[in-house]
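# Close look at the chain arrangement
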Amino acid sequence: MIPMGWMLPFAITTGNTFVLKAASMVPQTSMRMLELLIEAGLPKGVANLVTCSRVEADSLLVHPDVRGITFVGSTAVGKHIYATAAGAGKRVQALTEAKNHALVLEDAVLERSVAGIVNSTFGCAGQRCMALPVVCAQDSIADELVEMLAAKAAELKLGPAYLPGSQLGPVITGVHRDRVERIIQSALDEGATLATGGQRPELDTGYYVAPTLVVDATNQMTIAREEVFGPVITVIPFDTEDEAIEISNDSPYGLYDYVFSGDTGRAMAVAKLLRAGNVGINTLQRNHEAAFGGFKYSGVGRDGGSWGLHAYSEMQSIMWKG
């Protein structure tokens, strides 16, 4: 819903009509969004919605009346959409998977860093593109950072959003929970250990994953390479800034990285060397006037601010000799 909420306004503002292919697992949210747009006065025919399978949706990718495609989802499906739509001459914008890194330097304010990492990664049960599944911690502060992260994770109260005090909800399906648990187990099989979490919570309903902190990890482990999309943080220690930059850039993804440091100049120098479309310095807040999008397998194109207007319009140049 969040991607739809920030992309549709650009499409509408630039005078487009659109067909929304609802997510198969949560079609009701898309339906309700369009109902609200119509109630707000959107003209008939501007907003259109289909609920169908991926195979049926492929017809939209090549239909002559569809001039552009925007996709949010997995890299595998994004590749399929990009190849199919490009073959039909369509413009494609895609926001796909991410494996974001937080680089916590030795001079960072740890309390502030920990609060941001916990809120970002365990919010929405880790099912968000801007979460921080990998935390690179400089050796001198790594043990203290792990201790603080583990303490915060253990304090979180699991439960549905409608219950007062709930801080961490379930993941979307049982199949996805099984996948998250398999990735956690793969880390243990490859030599990592758990600082906290890793067990299936004993709750009557919902597909819950306990907030989990994986330590003694390396950048070559499955959990450090693949998008988990769950409430799991993996901590990888580093010695020098160059090593931290190498760990972050050695990834097929590049959406949003973060640098935590008490020295803004130092953090800025590190940020400029990260192969990510966005970098936050001592903040996890996105600026909606800035371009948003990823490098490598994290996506194609940009939205946000004036970039979003360009994403949903065609540029035309007219030369005239008077």
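Here's a quick rundown of the structure. (Residues numbered from 1 in each chain as written. Predicted model: local features only at pLDDT ≥ 70, side-chain atom pairs only at ≥ 80, totals over all residues. Heavy atoms only, no water.)

### Topic: the packing of aromatic side chains
Using the following cut-off: For Phe, Tyr and Trp, where Trp contributes only its six-membered ring, two rings pair if their centres lie within 6.5 Å, and the inter-plane angle classes them as stacked under 30 degrees, edge-to-face over 60, or tilted in between. Using a 1.4 Å probe on the protein chains alone, a residue whose accessible area is under 20% of its type maximum counts as buried, one over 50% counts as exposed, and one in between counts as partly exposed. Working definition: helices are DSSP H or I runs of at least four residues, strands are E runs of at least two. Numbering for both runs from the N terminus.
Applying the stated rule across the entire model yields two aromatic pairs. When the centroid spacing of 4.9 Å and the interplanar angle of 10° are considered together, the rings of Tyr256 and Tyr258 count as stacked. Judged on exposure class, the residue Tyr256 and its partner Tyr258 are both buried. Their ring planes at 45° and their centres at 6.1 Å tell us that Tyr256 and Phe292 sit as a pair that is tilted. Of this pair, Tyr256 sits in strand 11 (residues 256-260) while Phe292 sits in the loop between strand 12 (278-281) and strand 13 (295-296); the two residues are 36 residues apart in sequence, bridging distant segments of the chain. Side by side, Tyr256 and Phe292 carry an identical accessibility label, which is buried.

### Section: the pairing of strand 1 (residues 18-21)
Definition in use: DSSP calls a pair of strands paired once it identifies at least 2 bridges connecting them. Handedness is read with the strands pointing away from the viewer; a crossover is right-handed when the path from the first strand over the helix to the second is clockwise.
Only one face of strand 1 is covered, namely the one carrying Phe18 and Leu20; the face carrying Val19 and Lys21 has none of its residues buried. When strand 1 meets strand 2 (residues 47-50), the two strands line up parallel, connected through four bridges. Across the sheet, the residue bridging to Phe18 is Ala47, located in strand 2. In this view, the connection linking strand 1 to its parallel neighbour strand 2 by way of helix 2 (residues 27-39) has right-handed handedness.

### A short note on the environment of Gly126
Note the following rule: Should any heavy atoms of two residues lie within 4.5 Å, those residues are considered in contact.
Positionally, Gly126 belongs in the loop between helix 5 (110-122) and strand 6 (134-138). Judged by its relative accessible area of 4%, Gly126 is buried. For the pair Gly126 and Ala271, spaced 145 residues apart in sequence, the C-alpha separation works out to 23 Å. Non-local contacts of Gly126, meaning those with residues more than four positions away in its chain, are made with Thr121, Ala131, Phe229, Gly230 and Pro231.

### Observations concerning the pattern of salt bridges
In plain terms, the rule: For this analysis, a salt bridge means a side-chain nitrogen from Lys or Arg found within 4 Å of a carboxyl oxygen belonging to Asp or Glu.
By the definition in use, this model includes ten salt bridges. With its nearest N and O atoms 3.3 Å apart, the salt bridge here joins Arg200 to Asp178. Of the two residues, Arg200 is situated in the loop between strand 7 (193-196) and strand 8 (212-215) and Asp178 in helix 7 (residues 174-189); the sequence distance between them amounts to 22 residues. A residue is classified by how much of its surface remains accessible, and Arg200, at 41% relative accessible area, is partly exposed. Residue classification places Asp178 among the partly exposed residues on the basis of a relative accessible area of 33%. In this structure, a network of salt bridges that share partners links the residues Glu106, Asp107, Glu241 and Arg266.

### A look at the sheet that holds strand 11
Applicable threshold: To get an axis, fit a line to the C-alpha atoms, keeping to the stretch in contact for a helix; angles then go from 0 to 180 degrees between the N-to-C directions.
Ordered in space as 7-8-9-6-5-11-12, the seven strands form an open sheet in which the pairing is mixed. At either end of the open sheet lies a strand with only one pairing partner, and these are strand 7 and strand 12. On average, adjacent strands in this sheet sit at an angle of 25° to one another, irrespective of strand direction. In this structure, strand 7 lies alongside strand 8, joined through three bridges in antiparallel fashion. Each bridged residue has a counterpart across the sheet, and for Thr196 the counterpart in strand 8 is Leu213. Packed onto the sheet, helix 9 (residues 241-249) meets strand 5 (101-104), strand 6, strand 9 (232-238) and strand 11 and runs at close to 140° relative to strand 9. Its contacts with the sheet place helix 10 (residues 264-271) against strand 5, strand 6, strand 11 and strand 12, and it is angled at close to 165° to strand 12.

### Description of the side chain of Thr96
For the record, the criterion: Any N or O atom pair separated by 3.5 Å or less is treated as a polar contact, with the protein-specific requirement of one donor-capable and one acceptor-capable atom, and with residues adjacent in sequence counted only for side-chain atom pairs.
If you trace the backbone, Thr96 turns up in the loop between strand 4 (91-95) and strand 5. A relative accessible area of 9% places Thr96 in the buried class. Here the side chain of Thr96 touches Tyr297 through a polar contact of 2.7 Å, landing on its backbone oxygen. A distance of 3.3 Å separates the side chain of Thr96 from the backbone nitrogen of Gly299, its partner in a polar contact. With residues up to four places along the chain from it excluded, the contact list for Thr96 reads Phe71, Gly73, Ser74, Thr75, Gly78, Tyr297, Ser298 and Gly299.

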